[in-house]
Each structure stands twice: as structure tokens, then as C-alpha cells.
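Architecture and fold: a report
Each chain, written out:
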Amino acid sequence: MTRSEQVFAEAQNYIPGGVNSPVRAFQSVGSTPRMIARADGARMFDIDGREYVDFVGSWGPMILGHNHPAVREAVVKAAANGLSFGAATEIEVEVAKLICSMVPNVEMIRMVNSGTEAVMSAIRAARGFTKRNRIIKFAGCYHGHSDAMLVKAGSGVMTSGIPDSAGVPAACAADTLTAVYNDLASVEELFSQNKDEVAAVIVEPVAANMGVVEPAPGFLSGLRELCDKNGALLIFDEVITGFRLALGGAQEYYGVRADLVTFGKIIGAGMPVGAYAGRRDVMSMISPKGSVYQAGTLSGNPVAMAAGLTQLTILKETPAVYEKVNSLGDTFRAEMRKMAAETGAPVTVTGVGSLSCVFFTPNPVKNYTDAKTSDTALFAKYFLHMLDKGFYFAPSQFEAIFLSAAHTKEDLDAAVKTAREFFTA
């Protein structure tokens, strides 16, 4: 028994399922988690001394790679002054000002502690601003684990086979309406059926929690038009795409403006942090300026802000980061598609920029229903083969592959070669 297995066996006595987040469980792939000891660049190392090329990147924020020296130095320096004050700090203002200067249509921002909290707060702001209650989301899009959003959610909920969640009162989800991703007609129908009742449409501009599904041409701009026509706000959940697709996220990449945007741990270089931001008139509804209450003792934590300020500044001053990671993504998808064509592998490779997914279905994937046709049993065998050869992917068919500036063409070539070995064995 490995040390990872021993520690996991002990963990199950004290932590539900042995993990502090379901997406870390290896249950769906028939294995046990590897206990990670450290990470550097594009590599992670477990407590058994095994090395892995990491394609998870702490679920997205490590766009510069793990343990970036400038970020690490900023964290150490900030920690020397204290870990948390529960009071206003100058660095919060610096980060807020920087983000407002980088992201289109963002005039004000409120720091929180996670993507889940950011989404929950953005929805409350939208309801307060519009004085309406209903929210339209999309099947397979994951927006955190708040009660109202656990309706046909993607990500770990798909992997666990749980359609919703126990413990969520029906009343909490009654105002959440579900449309079909990439299907404007389904959205229009919900608006028609709920006239003057919809506060907002929330969407992952790139659906990255049911695998990776890119928006069809005209889909995002169509949502913008439908929201304008019906007096609703458009919320982009950019917990994954924010500062990853481009400096200005999906709004910049696709040229579509949202009224509110949510961000996750990428604005803290991987530390526990999130934010919601947007138009000044909407954000002015937030307490203490307005009547929509939201608070957090640890919001704007000075250590997390130091990490985030450093990473965001590097991204702003180094456009080559995006050129590199997006080029690596294009290369990876092209090589995986070539491999699939040559070996007859029953897969569909999707993605945009530095986000990719290998769906274990030969059919096109444009929405949640398509994604669910994937052969998860075959994926599990593939995952374990890749892990055994030193490539760490998410232990779920329905998660993204994240590339960073620390990855190399050689890393990708080795991963594709190993995938080829699996499909030709």
C-alpha cells in the first residue's frame, strides 16, 4: 500500500469521502486520490515521490504555472505583516483598480472568498437591481454549490451521478429556470413563459464544467439581445475563463459585454478568493452603498490580494503569456485529433485557448445532453493509464484540461504519445 493510499484510508475516518471537495475524489475512475506534497511549474509531486505533468493547475488559476517565484515572494512578504486584519487595506484598492482597468464593462468590483460566493452574491445583486426573482441558467453549467444553482449543474455533480442535491429545499430552486446551452430558442421560450419575472441569465461563456463546450457563433451575442429585450441582466460566470482566455476574459475574447461578471481564484493566483463585478449602477446596489446586503470577514484578504496583484500585473505586462498558452492549446487539440483519426479512438476533442477536453464519444458535443453520451468507463481506463505514466488530469470526464505558461511542447508531445499507446494497446 502506498503512502497516498494509507493517508486516504485514514482521511475517510475524519473527512466525508476522505476529500474536502468531491472533484478530488477518484471514486468515478475506480481509484484513490494521490496526496500531493508540492508543485512547481507544470509538475506536481505526491507524497510517494511520484512526479506528474499537471493538467489541472488547481482547477484553472495557475496560468503562470505552480509556485511562480514572483507570486511566492509577494505572498511571503505580505504574510510577514499579518495574515488577516478584517479591516480595509490599500492593496484591496490596488487590485480593484487594476481589474477595472483590464476587464471590459467592469466599473466596480467586490472581493469575496470563492467562486460560489461570487455567483450567489451576483445573483442577489441582479435581483435587487431588477426587482425580479427568476434566474435562467443552462443545463450542465456549474455555478457553485449555493442552493439555487444546484439545478442540472455540471462538474462534480455530473461525475457523482447526482442530478441535484439532497438538502436543497424545493422552494430554494423554484425560481431557477433551466435552458439548453447553445440553444437561444430555449432561452426565448423561458422569457416568454415568465414575462417580466426574469432578473438575469447566468452562463459560463465557455461551458467548462460539462467538459469544455465552446459557445456556438451568435449564442453569446444572442443572449445579450434577449436580455436587453426583456429587461434582464446578463451574468458571465468567468470563474474559469476570467483572465485565462484573454486579459479581459470572455468579454474581450468574444466581444460580448455582460452586466455582471464573477471571478474565482485566478485573481488570487490560486489562493482562496473570488469576486463579482460589473456596471457601476448595478454594483452600487451593494451594501453599504446600497440595499443589497453581502459581507465577508476575510474578503480582500491581504495575502491573497498580494498574490493576485502580482499575477494579474504579470499577465497585463506580458501579453506573450496568452500567445503561448493559447498556442499550446491549439497544438494539443490538433495533435490529439490527429491521433484519434489515425487510431480510430472514439473521442471528440474540444476546446478554446488554453482550455480543452477529450470527450469519450465520437459525436459532436454542443450541450449537456451531448456531453452525457460520453463513455465514462472507457474514460476511467484512459485516466488511470495516463496517471500511471505520469500525467495528472482531472479524475472526471466532465472537467477541463488546463494548460499553463510553464508547459512545454515536449510535455504535450509526451501526453499525446501516451494517449496513442492507450488506444493502440
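Structural data are supplied above this passage.
Cut-off values and rules
Residues numbered from 1 in each chain as written. Predicted model: local features only at pLDDT ≥ 70, side-chain atom pairs only at ≥ 80, totals over all residues. Heavy atoms only, no water. Helix = DSSP H or I, 4+ residues; strand = E, 2+ residues; numbered from the N terminus. Rg over C-alpha atoms; globule rule 2.2 N^0.38 Å. Contact = heavy atoms within 4.5 Å. Areas by Shrake-Rupley, 256 points an atom, 1.4 Å probe, with all protein chains shown as cover. Lys, Arg positive; Asp, Glu negative; His and termini not counted. Charge placed at Lys NZ, Arg CZ, Asp CG, Glu CD. Core = buried A, V, L, I, M, F, W, Y, C linked by side-chain atoms within 4.5 Å. Buried < 20%, exposed > 50% of the residue type's maximum accessible area, 1.4 Å probe, protein only. Pairing = 2+ DSSP bridges. Axes fitted to C-alpha atoms, helices over the stretch in contact; angles between N-to-C directions.

Broken down by element type, the chain carries 15 helices and 14 strands. A compact globule built from 425 residues would reach a C-alpha radius of gyration of about 22 Å, and the chain, at 21 Å, matches this within 12%. The principal-axis extents of the C-alpha atoms in the chain amount to approximately 60 × 55 × 45 Å. A separation threshold of at least 6 residues defines the contact pool for the chain, and within that pool the share at least 24 residues apart is 71%. Accessible area of the chain: about 17700 Å², with a carbon and sulfur share of 52%. Charge-centre separation for the chain: the mean point of 38 positive side chains lies 1 Å from the mean point of 43 negative side chains.

A few words on the environment of Ala-207. With respect to the helices and strands, Ala-207 occurs in the loop between strand E7 (198-203) and helix H8 (219-230). Separated by 193 residues in the primary sequence, Ala-207 and Ala-400 place their C-alpha atoms 9.5 Å from one another.

Moving on, we come to the nonpolar core. Counting residues in hydrophobic clusters, the biggest one holds 76 residues, and the most contacted among them are Ile-99, Phe-138, Phe-243, Phe-263 and Ile-267. Ranked by the residues each element gives to this core, the list is headed by helix H11 (residues 302-317), at eight residues. The next biggest cluster of nonpolar side chains, apart from the first, holds 35 residues, and it includes Phe-55, Ile-401, Leu-403 and Ala-419.

Pairing in this open sheet of seven strands is mixed, and the strands run E4-E10-E9-E8-E7-E5-E6 from one edge to the other. Across the chains shown, the open sheet's two edge strands, defined by having one partner strand only, are strand E4 (108-112) and strand E6 (176-179). Strand-to-strand twist of the sheet, defined as the mean angle between neighbouring strand axes without regard to direction, takes the value 20°. As defined by bridge partners, strand E5 (residues 134-138) adjoins E7 across three bridges and the pair is classed as parallel.

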